[in-house]
Amino acid sequence: MVLDCRAHGKAGHAARNEGENAIYGAIKDIEWFNNFQFEKKSNLLGPVKMTVTSIQTENKAHNVVPAECSFIVDTRINELYSFEEVLATIQSNVKCDVRPRSTRLRSSAIALDHPLVKAGLNLGRSYYGSPTTSDKALMPFPTLKMGPGDSARSHTADEYIYTAEIKEGIELYIRILEQLLL
């Protein structure tokens, strides 16, 4: 759940110690996001994670105390909390306005006894909880997220996948399908 946050102050001239600096209000809230830990930790997905990824003001001049300061928080919510619970906790602990961009990409899971999972386990694969988001979260039926390559290379400047990884992925898909036909 991506959160758009906005701290409010009052514009003024920096040289005359006027106004109320919205950046300072944002800093206090950002510190809360950095330090707060939700109590419930998932065995599969770990703790709820909150990361401030961007901060800005509308100021174009160096001598103006900003009246508003906006920042973005990337939250990764485990299956032990609803988005509404996490949002309510956040809103009761910070002073800034907090608005989620969307609440539709929720945690999803597939049962460990599902035939797809069993097929992968029979082939020596393991399972894990992924903190990343995919369209899998929107599918109203059991789904399995898997693919070739190294997820750590995702979203890097020179993201790539080796040809051998693609070939291995194709072979694995075929072997899983063969397991399902048995």
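Structural notes, computed from the coordinates. (Residues numbered from 1 in each chain as written. Predicted model: local features only at pLDDT ≥ 70, side-chain atom pairs only at ≥ 80, totals over all residues. Heavy atoms only, no water.)

Points about the overall build of the chain
1) Next: Along the chain, the regular secondary structure elements total four helices and six strands.
2) Next: Secondary structure elements of the chain occur, N-terminal to C-terminal, as β-β-α-β-β-β-α-β-α-α.
3) Next: For 182 residues, the compact-globule formula gives about 16 Å, and the C-alpha radius of gyration of the chain, at 22 Å, lies well above that figure.
4) Next: Here the chain holds 182 residues, and 26% of them are scored as buried. (Helix = DSSP H or I, 4+ residues; strand = E, 2+ residues; numbered from the N terminus. Rg over C-alpha atoms; globule rule 2.2 N^0.38 Å. Buried < 20%, exposed > 50% of the residue type's maximum accessible area, 1.4 Å probe, protein only.)

So, the sheet that holds strand S1 (residues 2-8)
1) Next: In space, the four strands of this open sheet follow the order S3-S5-S1-S6, with antiparallel pairing throughout. Only two strands of the sheet have a single neighbouring strand rather than two, namely strand S3 (49-56) and strand S6 (97-100). In this sheet, adjacent strand axes meet at a mean angle of 25° when their direction is disregarded.
2) Next: Of the strands in this sheet, S1, S3 and strand S5 (68-76) touch helix H1 (residues 22-35), which is tilted by about 15° from S5. (Pairing = 2+ DSSP bridges. Axes fitted to C-alpha atoms, helices over the stretch in contact; angles between N-to-C directions. Contact = heavy atoms within 4.5 Å.)

Describing a nonpolar patch on the surface
1) Next: A contiguous nonpolar patch, built from Leu44, Leu112, Leu121 and Tyr127 and spanning about 370 Å² of accessible area, is present on the exposed surface.
2) Next: Under the relative-accessibility criterion, Leu121 is labelled partly exposed at 37%. (Patch = residues over 30% accessible without salt bridge, like charges linked within 9 Å, V, L, I, M, F, W, Y side chains within 5 Å. Areas by Shrake-Rupley, 256 points an atom, 1.4 Å probe, with all protein chains shown as cover. Salt bridge = Lys/Arg side-chain N within 4 Å of Asp/Glu carboxyl O.)

Looking at unusual backbone geometry
1) Next: Unlike most non-glycine residues, Asn17 shows phi in positive territory, near 55°.
2) Next: Take Asn17: it is sitting in the loop between strand S2 (12-13) and H1.
3) Next: You can call Asn17 exposed: its relative accessible area is 73%.
4) Next: Positive phi outside glycine occurs at His155, with the angle close to 60°.
5) Next: Looking at the element boundaries, His155 is found in the loop between helix H3 (115-122) and helix H4 (163-181).

Here we look at the environment of Leu121
1) Next: Locating Leu121 in the fold gives a position in helix H3.
2) Next: With 107 residues separating them in the primary sequence, Leu121 and Ala14 have C-alpha atoms 63 Å apart.
3) Next: Residues contacting Leu121, with those up to four places away along its chain left out, are Ser126 and Tyr127.

What to know about the pattern of salt bridges
1) Next: Scanning the entire structure with this criterion turns up six salt bridges.
2) Next: A salt bridge links Arg16 to Glu18; the shortest N-O distance between them is 2.9 Å.
3) Next: Across the salt bridge formed by Arg153 and Glu165, the nearest N and O atoms sit 2.6 Å from each other. Taken as a pair, Arg153 in the loop between H3 and H4 and Glu165 in helix H4 lie far apart in primary sequence, twelve residues in all. Both residues of the pair, Arg153 and Glu165, count as buried.

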